[in-house]
Amino acid sequence: MTNKPVAVVLLSGGLDSATSAAIAIDQGYEVIALSLRYGQRHQRELDAAKIIAQTLNITQHYTIDVNIAQWGGSSLTDTSLSLPQSGVDATIIPSTYVPGRNTVFIALALSLAEAKGAQAIYLGINAVDYSGYPDCRPDYLQAYQTLANLSSKAGLVGKAPQLLAPLITKTKVDIIKDAIKLGVPITKTWSCYQGEQEPCGLCDSCRIRDQALIEAGYPELATPKGREFKDLS
């Protein structure tokens, strides 16, 4: 480690978390990455997280098991449930919401941050494109910061890690522009809910990503199926 301040980044392998990691590096932090094997349908995003960490020269990268899939409740962890492919509906919380996922992940990140003396935890959560997820909202993050301040030895002396979500109010188009500017290997990130060789282009995550890539001026990075869609409907 260097004399730089330290930040833990929750690195899922997707575009948002990779961009968040790149922002932390750009803002002068020595980054420690944390990825979680939580019982998700496939390994592709964790494989992507490893590649992203290497590309961004993150030398400390922890991948740990916390199998919250055992009790189901989400189509991302329960293979008996179908993944939504009919288009994004902003009026409902989709079946891809994983109960308690961010709450569990941030708790683990806080543990790692305190053990390593980190000053910050960077999160790739976004309240614009995923407004249906209750654990991606600014008020959720503010409440968790209060918990972080109260729940640790570091917090008792006023040095709790700051929970930072630099993308929380940005559009996906803005996130893609940030990723391009910061050298994030977009083609190496994995956002698709499926775990096939290529992204499906049909799931909500693919649709949001593809439309944003097209709107940002990078249609060549969208999936072939995504280039056929004119909107998310």
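Here the structure is a predicted model, which means the values were calculated and not measured.

## Some details on the pairing of strand S3 (residues 60-65)
Thinking step 1. Note: strand S2 (residues 30-37) against S3, 6 bridges, orientation parallel. Across the sheet, Ser-35 pairs through a bridge with Thr-63, a residue of S3.
Thinking step 2. Regarding topology, helix H2 (residues 44-55) serves as the crossover connection from S2 to the parallel S3, and that connection is right-handed.

## What about the UniProt feature "binding site: Zn(2+)" (unreviewed entry) in the protein chain?
Thinking step 1. Following the UniProt record, one finds the feature "binding site: Zn(2+)" (unreviewed entry) at Cys-192, Cys-200, Cys-203 and Cys-206.
Thinking step 2. Within the element layout of this structure, Cys-200 appears in the loop between helix H6 (172-182) and helix H7 (204-215).
Thinking step 3. Position of Cys-206 among the secondary structure elements: in helix H7.

## Regarding the UniProt feature "binding site: ATP" (unreviewed entry) in the protein chain
Thinking step 1. The UniProt record annotates "binding site: ATP" (unreviewed entry) at Leu-11, Ser-12, Gly-13, Gly-14, Leu-15, Asp-16, Ser-17, Ala-18, Thr-19, Ser-20 and Ala-21.
Thinking step 2. You can see Ser-17 is positioned in helix H1 (residues 15-26).
Thinking step 3. Setting aside residues up to four positions removed in sequence, Ser-17 forms contacts with Val-9, Leu-10, Leu-11, Ser-12 and Gly-124.
Thinking step 4. Only 3.0 Å separates the side chain of Ser-17 from the backbone nitrogen of Ser-12, close enough to count as a polar contact.
Thinking step 5. Positionally, Thr-19 belongs in helix H1.
Thinking step 6. In contact with Thr-19, other than residues within four places in its own chain, are Leu-167, Ile-175, Asp-178, Ala-179, Leu-182 and Val-184.

Calculation rules
- Residues numbered from 1 in each chain as written.
- Predicted model: local features only at pLDDT ≥ 70, side-chain atom pairs only at ≥ 80, totals over all residues.
- Heavy atoms only, no water.
- Pairing = 2+ DSSP bridges.
- Helix = DSSP H or I, 4+ residues; strand = E, 2+ residues; numbered from the N terminus.
- Right-handed = clockwise from strand over helix to strand, strands pointing away.
- UniProt positions renumbered as here; feature names shortened; annotations may be inferred.
- Contact = heavy atoms within 4.5 Å.
- Polar contact = N/O pair within 3.5 Å; in protein donor to acceptor, adjacent residues only side chain to side chain.

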